[in-house]
Amino acid sequence: MRKEKGFTLIELLVVIAIIALLLSIILPSLKAAKELASGAVCVSNQRQLCVAWITYADENNSYMVGGSNYHQWKSTNYRWVEYPMENDGSWSADPGGFTLETRKNGIRAGRLFPYIQDVDLYHCPGDRGITEAEPDATFRSYSITGLMNGEDYASKVGDKFVYRTAMTSPNGTSKELRLVTKTTEIRAPGNKHVFVEEDAQDQHVNSGSFVLLEGTNYDWWDSPADYHNGSSTTAFADGHAERRRWADPDTIARINGGNDPHPEDNEDLRWMVSGYVPRP
């Protein structure tokens, strides 16, 4: 009888080691490719949101939809999204008890949803903060910037509006941050940010808007997101959207909960600020 020759134990271990080595090389590349692919979907999401944002203004005498959902529990009839709501239309009273469905109900109640008709367009596929196992995390991945009829609003003293003043350049130049309420007030709309990806998982509901220039300082305030292998997507007031790769390691550190020790040298912050202020 002829004896069949099989693999020895050493040969099997060598094959297993080679497979493990190949997987260690391939898997990070696959992860990066998946994150970059999600960026393409995210750009499409933001472009559609921005088209809805522009259409809303066109149908409302150039007035923008409200970019902040502060003053919760009050129906404003102009916000782009609302706070989480129950199925019967009542407010969800306990932030700790928000569910995925009540969050989606708040999106459906917003003024832009009739133009979108797809709640998933408000969520970046690279944003894995919310799952069925974590209903308290934020579902919406995007925010409207603070000066686009958003959170960075003016206070009223008598009959006059008073705007916040902050440094808008690393050399100490200060500017009055004038909030705009109409699209016709925006200068160079192709360079001005409307929707950004915001890292807001600690907010329960991603309240307010995306705001820069903390206090009066040339610095970050809110943090952008990093859902696409070191990059993020942004939509602009002319309707186009694009993905930007973060260039400064301090930006990634900031996104991950750290600090930016030298914001004056951060080219990412400089780019964000240049698109944050919609008019002189």
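If you're wondering where the values come from, they're calculated on a predicted model, not measured in any experiment.

Draft legend 1. A look at the overall build of the chain. Within the chain, the regular secondary structure consists of five helices and eight strands. Going residue by residue from the N terminus, the α and β elements of the chain occur as α-α-α-β-β-β-β-β-β-β-β-α-α. A total of 280 residues make up the chain; the buried ones form 46% of that total. Here the analysis covers contacts within the chain between residues at least 6 apart in sequence; of these, 67% occur between residues at least 24 apart. Surface summary for the chain: the accessible area is close to 14300 Å², and the carbon and sulfur share equals 54%.

Draft legend 2. Quick peek at the packing of aromatic side chains. The full count for this structure, using the stated rule, is four aromatic pairs. Seen from their ring centres, W80 and Y122 are 5.9 Å apart, and the 20 degrees between their planes marks the pair as stacked. Of the two residues, W80 sits in the loop between α1 (9-58) and α2 (100-108) while Y122 sits in the loop between α3 (113-116) and β1 (142-144), which places them 42 residues apart along the sequence. For the residue pair W80 and Y122, the accessibility class agrees, reading buried in each case. With a centroid separation of 6.5 Å and an interplanar angle of 35 degrees, the aromatic rings of F113 and Y122 are classed as tilted. You can call F113 buried: its relative accessible area is 11%.

Draft legend 3. α2, seen in detail. Across the nine residues of α2, seven count as buried, placing the element largely inside the fold. Every buried residue of α2 is accounted for by L100, T102, R103, K104, N105, G106 and I107. Looking at the packing, one finds that the buried side of α2 touches α3.

Draft legend 4. Looking closely at unusual backbone geometry. Phi is positive for N61, which is not a glycine, with a value near 55 degrees. Within the secondary structure, N61 is located in the loop between α1 and α2.

Draft legend 5. Spotlight on a nonpolar patch on the surface. Nonpolar side chains collect at one region of the surface, where I10, V14 and I18 lie side by side and expose about 290 Å² of accessible area between them. Inspection of the secondary structure assignment puts I18 in helix α1. When its relative accessible area of 46% is taken as the criterion, I18 is described as partly exposed.

Draft legend 6. Region of the structure containing the pattern of salt bridges. Scanning the entire structure with this criterion turns up six salt bridges. A salt bridge links R178 to E176; its shortest N-O distance comes to 4.0 Å. The exposure class of E176 is partly exposed, given its relative accessible area of 37%. Here E185 makes a salt bridge to R279, at a shortest N to O gap of 3.8 Å.

Draft legend 7. Structural context of the state of the cysteines. Evaluated as defined, the whole model comprises zero disulfides. Distance from the sulfur of C124, which forms no disulfide, to the nearest cysteine sulfur (C42) is 3.7 Å.

Draft legend 8. Broad picture of the nonpolar core. If you look at the biggest cluster of nonpolar residues, it comprises 35 residues, and the most contacted ones within it are W53, W80, L112, Y122, M148 and F195. Those elements giving two or more residues to this core turn out to be α1, α2, α3, β1 and β6 (193-197). Looking at which element gives the most residues to this core, the answer is α1, with seven residues. Leaving out residues up to four positions away in the same chain, Y122 has contacts with L49, W80, V81, I107, L112, F113, I116, F139, R140, S141 and Y142. Counting 22 residues, the second-largest nonpolar core is a separate cluster that includes A154, V196, W246 and V277.

Draft legend 9. Quick look at the sheet that holds strand β7 (residues 231-236). As summarised here, the arrangement of the four strands in space is β1-β6-β7-β8, forming an open sheet in which the pairing is antiparallel. Unpaired on one side and paired on the other, β1 and β8 (241-245) mark the two borders of the sheet. Averaged over all pairs of adjacent strands, the angle between strand axes in this sheet comes to 30 degrees, irrespective of strand direction. Looking at chain direction, β1 and β6 are connected through three bridges and run antiparallel.

Draft legend 10. Focus on helix α5 (residues 267-276). Counting buried positions over the ten residues of α5 gives seven, a clear majority of the element. The inward-facing, buried residues of α5 abut β4 (164-167), β6, β7, β8 and α4 (249-255).

Draft legend 11. Expanded view of the side chain of R254. As for its placement among the helices and strands, R254 is situated in helix α4. For the buried R254, no salt bridge exists, and the shortest N-O distance to an oppositely charged side chain is 5.0 Å, to D219.

Draft legend 12. Expanded view of the environment of V65. Looking at the element boundaries, V65 is found in the loop between α1 and α2. Along the chain, V65 and R111 lie 46 residues apart, while their C-alpha atoms are 7.0 Å from each other. In this view, V65 contacts W53, Y56, Y78, R79, W80, R111, L112, I144, M148 and N149; residues no more than four positions away in its chain are not counted.

What counts, and where the lines are drawn
- Residues numbered from 1 in each chain as written.
- Predicted model: local features only at pLDDT ≥ 70, side-chain atom pairs only at ≥ 80, totals over all residues.
- Heavy atoms only, no water.
- Helix = DSSP H or I, 4+ residues; strand = E, 2+ residues; numbered from the N terminus.
- Buried < 20%, exposed > 50% of the residue type's maximum accessible area, 1.4 Å probe, protein only.
- Contact = heavy atoms within 4.5 Å.
- Areas by Shrake-Rupley, 256 points an atom, 1.4 Å probe, with all protein chains shown as cover.
- Phe/Tyr/Trp six-rings, centres within 6.5 Å; stacked < 30°, edge-to-face > 60°.
- Patch = residues over 30% accessible without salt bridge, like charges linked within 9 Å, V, L, I, M, F, W, Y side chains within 5 Å.
- Salt bridge = Lys/Arg side-chain N within 4 Å of Asp/Glu carboxyl O.
- Disulfide = S-S within 2.5 Å.
- Core = buried A, V, L, I, M, F, W, Y, C linked by side-chain atoms within 4.5 Å.
- Pairing = 2+ DSSP bridges.
- Axes fitted to C-alpha atoms, helices over the stretch in contact; angles between N-to-C directions.
- Lys, Arg positive; Asp, Glu negative; His and termini not counted.

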